[in-house]
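# What the coordinates show
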Amino acid sequence: MTDLPVAVIGAGPQGLAAAAHLLERGLTPLVLEQGAEPVAAVAEWGHVRLFSAWPELVDKAAARLLEPTAWEAPAQGYPTGAQWRERYLVPLADALGDHIRYQATVTGVSRKGRDRLVDADRAEQPFVLHVTGADGSEERLEARAVIDASGTWRRPNPAGADGLSALGERAAHAAGVLGYAVPNHADPEAYAGRHTVVIGAGDSAFNAVNELTVIAKDHPGTRITWAIRRAVSTNTFGGGEADELPERGALGVRARKAVQDGTVEMVTGFRTERVDGATLIAEDGREIEADQVVVLTGYRPDTSFLSEMRLDLDPTLEAPRNIAVQIDPNLHSCGSVSATGAKDLAQPEPDLYLVGMKSYGRAPTFLAMTGYEQVRSVVAELAGDHDAAARVELELPDTGVCGGAGVFDDPDSASGGSCCGAPAPSEELITISRAPITLS
């Protein structure tokens, strides 16, 4: 099988980095990207500024591949998604050239002549990938190994508090009154002078609140409601100044200020059960009437095309079992986990690896540099350099989002189990009534 390529699913940041490492190791990559262009997902949130600095966003093998070109590595600053794409990711894709196939959707992965049940000579058979083109054509491709870097962008979590779509949510999305992307203040038409509800409590929700705040300043009559499922606690707004990624800390600081100065109305303990048009109805009967709803409750992996693969995933996070305990937000929210490599990511199916955001399943703490270390280690393992695969070449910062998840309904318990030592905000936290209310 040594003459076969290594299939890389997804031409996102980690998929492109994996291809660069493969070439450097003398292996042939075949990157299969369902979009019509590289890093198509990043293009969809290009207006959002990353909280990682440029040096943390460029893979070393990719930089070495780009060195012979006119490309220059950005040395400082925090790019937007569009800048990251234009100044690094697209040039990298161009350098990889014909090693990338676009509009190639992987619909299934198996072993040649072996379904999931068959043991005999399984590891000696090449992988078979079923691929569908933009015109609906189908083909089978063979590979010596598979690196799944397909991410989670196409699988946003729903508004429903129980992990399922709220009743009426799909209809609201189809009608264009509910979406799953961070608003862009440069394109305010859908939100200006209207009432928008943001559902979610992570970095994406912070970004959404901050973008809408800019729109509200420029367009009188714009209203913003921020609905979260839990009560306000000392870490609701992130790690603030204690965050070792300062731009991430600043996101929460700005969002908190918007709540405190009254630009944003926060509603806590709101668990969405039903969406009627753009009206949200909680499990406890409270209603919020709005014009637009922005749902930013995280993402989840798609493993449907791996149904014939033998996987060992954590039943909670849907992440490789060996790394799940380090990233489980039920245990902690710091995200100060050890770098993960080939050994941690290995599956019962030999030479199959889930990397990048997909390797974190439903966990929210992934960083680009974590993914670069993953693909470096995985490619070293595939190349037979076991020492390099086992070596850790990355030091991760603490996130500053400290403490365990705590008791679900108890804001005080969320400060327990601190791993970073972030101080509580000096300002008094906002207290919101949880009695049944109607916001219109």
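Nothing here was measured: the structure is a model prediction, and the numbers come from that model.

The helix and strand inventory of the protein stands at 11 helices and 17 strands. The buried share among the 440 residues of the protein stands at 51%. Intrachain contacts of the protein at a sequence separation of at least 6 include 71% that bridge at least 24 residues. Here the protein displays about 19,100 Å² of accessible surface, and carbon together with sulfur accounts for 48% of that area.

Let us look at the sheet that holds strand β8 (residues 178-179). The sheet built from five strands is open, its strands ordered β8-β15-β9-β10-β11 with parallel pairing. Each having just a single partner strand, β8 and β11 (264-267) make up the two edges of the open sheet. Alignment of strand β9 (residues 195-199) against strand β10 (residues 223-227), held across five bridges, turns out to be parallel. Each bridged residue has a counterpart across the sheet, and for Thr196 the counterpart in β10 is Ile224.

Next up on the list: the sheet that holds strand β16 (residues 352-354). Pairing is parallel in the open sheet, where five strands are placed in the order β3-β2-β1-β7-β16. Single-partner strands in this sheet number two, and they are β3 (100-101) and β16. In terms of strand pairing, strand β7 (residues 145-148) meets β16 through three bridges, oriented parallel. What sits directly across from Ile147, in β16, is Tyr353. Packed on one face of the sheet, helix α10 (residues 368-382) meets β1 (6-9), β7 and β16 and runs near 175 degrees to β7.

Attention now moves to the environment of Gly341. Mapping Gly341 onto the fold places it in the loop between α8 (321-327) and α9 (342-345). When the C-alpha atoms of Gly341 and Ala380 are compared, they prove to be 9.8 Å apart, with 39 residues separating the residues in sequence.

Let's shift gears to the pattern of salt bridges. All chains considered together, the criterion is met by 17 salt bridges. We note a salt bridge from Glu44 to Arg154, for which the minimum N-O separation is 2.7 Å. With Glu44 in helix α2 (residues 40-44) and Arg154 in the loop between β7 and α5 (169-174), the pair connects residues that are 110 residues apart, well separated along the chain. Residue Arg154 is classed as partly exposed on the basis of its relative accessible area of 45%.

Attention now goes to the packing of helix α1 (residues 13-24) against α10. Relative to each other, α1 and α10 sit at 35 degrees, their axes nearing to 9 Å. The crossing of α1 and α10 is right-handed. Residues Pro13, Gln14, Ala17, Ala18, His21 and Leu22 of α1 lie in contact with α10, whose contacting residues are Ala368, Gly371, Tyr372, Val375, Arg376 and Val379. When the residues that make up the contact of α1 with α10 are grouped by side-chain class, the tally is eight nonpolar, three polar and one charged.

Note that Glu211 resides in helix α6 (residues 203-218). No salt bridge is formed by the buried Glu211. Its closest oppositely charged neighbour is Arg254, at 8.0 Å. If we ignore the near neighbours within four places in the chain, the residues touching Glu211 are His47, Val182, Pro183, Asn184 and His185.

Moving on to the packing of α1 against helix α4 (residues 81-96). Where α1 meets α4, the axes come as close as 10 Å, and the angle between the chain directions of the two elements is 40 degrees. When the axes of α1 and α4 are compared, the pair comes out oblique. Of the two possible hands of crossing, α1 and α4 adopt the one that is left-handed. Here α1 contributes Pro13, Leu16, Ala17, Ala19, Ala20 and Leu23 to the contact with α4, which in turn contributes Trp84, Leu89, Leu92, Ala93 and Leu96. Here the contact of α1 with α4 is built from residues that sort into 11 nonpolar, no polar and no charged.

So, about the confidence of the model for the protein. Of all residues in the protein, 83% have pLDDT values of 70 or greater, and the mean over the chain is 86. Of the regions scoring below 50 in pLDDT, residues 399-440 engages in 97 contacts with residues more than four places distant in sequence or in other chains.

At Leu89, α4 shows its maximal kink, close to 35 degrees; a proline, Pro91, follows between one and four residues later. For α4, the complete set of buried residues consists of Gly81, Trp84, Arg85, Tyr88, Leu89, Leu92, Ala93 and Leu96. Each element contacted by the buried residues of α4 is listed here: α1, α2, α3 (60-66), β3 and α10. The positive-phi residue at the C-terminal boundary of α4 is Gly97, with phi of around 55 degrees.

Okay, the environment of Asp98 next. Secondary-structure assignment places Asp98 in the loop between α4 and β3. Separated by 69 residues in the primary sequence, Asp98 and Pro29 have C-alpha atoms spaced 9.8 Å apart.

The rules behind each value
- Residues numbered from 1 in each chain as written.
- Predicted model: local features only at pLDDT ≥ 70, side-chain atom pairs only at ≥ 80, totals over all residues.
- Heavy atoms only, no water.
- Helix = DSSP H or I, 4+ residues; strand = E, 2+ residues; numbered from the N terminus.
- Buried < 20%, exposed > 50% of the residue type's maximum accessible area, 1.4 Å probe, protein only.
- Contact = heavy atoms within 4.5 Å.
- Areas by Shrake-Rupley, 256 points an atom, 1.4 Å probe, with all protein chains shown as cover.
- Pairing = 2+ DSSP bridges.
- Axes fitted to C-alpha atoms, helices over the stretch in contact; angles between N-to-C directions.
- Salt bridge = Lys/Arg side-chain N within 4 Å of Asp/Glu carboxyl O.
- Left-handed = near helix turned anticlockwise from the far one by under 90°.
- Nonpolar A, V, L, I, M, F, W, Y, C, P; charged D, E, K, R; others polar.
- Lys, Arg positive; Asp, Glu negative; His and termini not counted.
- Parallel < 35°, antiparallel > 145°, perpendicular 65-115°, else oblique.
- pLDDT = per-residue confidence, 0-100.
- Bend = angle between axes of the 7 residues up to and from the residue.

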